[in-house]
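These are the residues of each chain, in order.
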Amino acid sequence: MGSQKAPGSPTFSLGGAPHIPPTTSVSGIMQQVLVALVPAVLAHAWYFGPGIFIQITLACGFAVLFEGIMLRLRKRPVQLFLSDYSAVVTGVLFALCMPSLAPWWVSATGMLFAVVIAKQLYGGLGFNMFNPAMVGFAAVIIAFPTELSQWLAPRALSPGLPGLSETMQAILTGSLPAAQSWDALTQATPLDSLRTGVQEGLLITEIHDAAIFGDFGGIGWEWIANWYLIGGLWLVYKRVISWHVPLAVLATVFLVATPPWLLGPDINPSPLQHIFSGALVMCAFFIATDPVSGPATLRGKLLFGAGITVLTLAIRRFGAFPDGVAFAVLLMNLCVPLIDRYTTPRAYGHRK
């Protein structure tokens, strides 16, 4: 039976269901994440030279290249998936974990593990169990420990930071110009200095006498952490991410680190030292908030963030690496199915 339309009734053009268009898209979310990272990237360049721009270019280039190759091999629409910017975000986050003068093959190896193994071999975006950027970083820190330990001193302590040409030579060849040496340009990070000093039996106050330390964390590093915080709060304000994971990560630092610090301030770092010396702030807002490899429930997000912090602090205190954020994230990724299983809210009308 044909439908009848009353005279004068309005007409509507209807598309296929659903009729309410989505307010967000993957590409839109990824672009906002990239914008939120810009202040921290600029701060990194100011304190440690232009190498971060080259590292980002290399990592993003390898990420897009490997993504395109895998999409071709898997017979997926290349343009559709490359335009979502997820590979670019992975490259940027990975590059921000790299020393400024790390050779190009470090980025190539990291993106191979991040994009090919951790992402595409698991089925692509939305199917990866582990955070791709952290898989890439964990792979290179194990494979290239020497290259990952060559961190530049901040500008305030090293007015002779290598220029663009010297930086390019170091990254493309793995060696510095003849007039420069690695020992003269690089030094231990604040967390590494703290770890070494504690192992040598020094007090925290004695360790903090080193020029690398600022008010809370390391010179330069604490300001970069501040910009991560500002960018992350902007993402929370724009509802790109929820507040649960960042709050859990940062609040757990105070819950876990404050009692030992109050009981023994000469042998235990303060909570602010933990927050402003490593990658915890970046992790809280830009890594642990990955919606694919993290929990789906609100209570699960709180447990996930708290677990990352506990593992990070444990690795810093007892492990072989000075920071440990990447390994903490990957270990908690393993727990996500279990977390979601036991934190899913009870459906109305059903017993838990």
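Residues numbered from 1 in each chain as written. Predicted model: local features only at pLDDT ≥ 70, side-chain atom pairs only at ≥ 80, totals over all residues. Heavy atoms only, no water.

A.B. asks: Whenever I open this one, the nonpolar core confuses me. Can you help?
C.D. replies: Considering soluble globular proteins, one finds that nonpolar side chains tend to be buried as a cluster. Counting residues in each nonpolar core, the largest one holds 89 residues, and the members touching the most others are F137, Y228 and F286. Beyond its immediate chain neighbours, meaning those up to four positions away, Y228 contacts L37, A40, L96, V281, M282, F285 and F286. Counting five residues, the second largest nonpolar core, distinct from the first, contains I204, I207, I212 and F213. (Core = buried A, V, L, I, M, F, W, Y, C linked by side-chain atoms within 4.5 Å. Buried < 20%, exposed > 50% of the residue type's maximum accessible area, 1.4 Å probe, protein only. Contact = heavy atoms within 4.5 Å.)

A.B. asks: Which parts of the structure should I look at to understand the packing of helix α5 (residues 104-117) against helix α6 (residues 132-143)?
C.D. replies: Packing of α5 against α6 brings their axes to within 7 Å, and their N-to-C directions diverge by 130 degrees. Relative to α6, the element α5 lies oblique. Crossing of α5 over α6 shows right-handed handedness. Between α5 and α6, the contacting residues are V106, T109, G110, F113 and A114 on the first element and P132, A133, V135, G136, A139 and V140 on the second. (Axes fitted to C-alpha atoms, helices over the stretch in contact; angles between N-to-C directions. Helix = DSSP H or I, 4+ residues; strand = E, 2+ residues; numbered from the N terminus. Parallel < 35°, antiparallel > 145°, perpendicular 65-115°, else oblique. Left-handed = near helix turned anticlockwise from the far one by under 90°.)

A.B. asks: What's the story with the pattern of salt bridges in this structure? I'm lost.
C.D. replies: Between side chains of opposite charge, a pair can form as their charged atoms come close. All chains considered together, the criterion is met by two salt bridges. Between E67 and K119 there is a salt bridge, and its shortest N-O distance comes to 2.9 Å. Taken together, the residues E67 in helix α2 (residues 51-73) and K119 in the loop between α5 and α6 connect sequence positions 52 residues apart. Across the pair, exposure class does not vary: E67 and K119 are buried alike. Residues D323 and R316 are paired through a salt bridge, measuring 2.9 Å at the closest nitrogen-oxygen approach. (Salt bridge = Lys/Arg side-chain N within 4 Å of Asp/Glu carboxyl O.)

A.B. asks: Explain unusual backbone geometry here, please?
C.D. replies: The residue Y85 is not glycine, and still its phi comes out positive at about 70 degrees. On the secondary structure map, Y85 appears in the loop between α3 (78-82) and α4 (86-95). Positioned with a positive phi, R239 is a non-glycine residue whose angle comes to about 60 degrees. Within the element layout of this structure, R239 appears in the loop between α11 (221-237) and α12 (244-263). Among the residues examined, R239 registers a relative accessible area of 77% and is labelled exposed.

A.B. asks: Teacher, can you tell me more about the state of the cysteines here?
C.D. replies: Structurally, a disulfide amounts to a covalent bond that connects the sulfur atoms of two cysteines. One pass over the structure, following the stated rule, counts zero disulfides. Unpaired in this structure, C283 has its nearest cysteine sulfur neighbour in C97, at a distance of 9.4 Å. The buried category is assigned to C283, whose relative accessible area is 0%. (Disulfide = S-S within 2.5 Å.)

A.B. asks: So what exactly am I meant to see when it comes to α12 here?
C.D. replies: In an α-helix, one full turn covers 3.6 residues, which means residues spaced three or four apart are oriented alike. The first and last C-alpha atoms of α12 sit 29 Å apart over 20 residues, in line with the 28 Å expected at 1.5 Å per residue. Approximately 40 degrees is the largest bend angle found in α12, and it occurs at A257, with the proline P259 only one to four residues beyond. Along α12, the residues classified as buried are H244, V245, P246, A248, V249, L250, T252, V253 and A257. On its buried side, α12 packs onto α13 (271-277), α14 (280-287) and α15 (298-318). (Expected span 1.5 Å × (residues − 1). Bend = angle between axes of the 7 residues up to and from the residue.)

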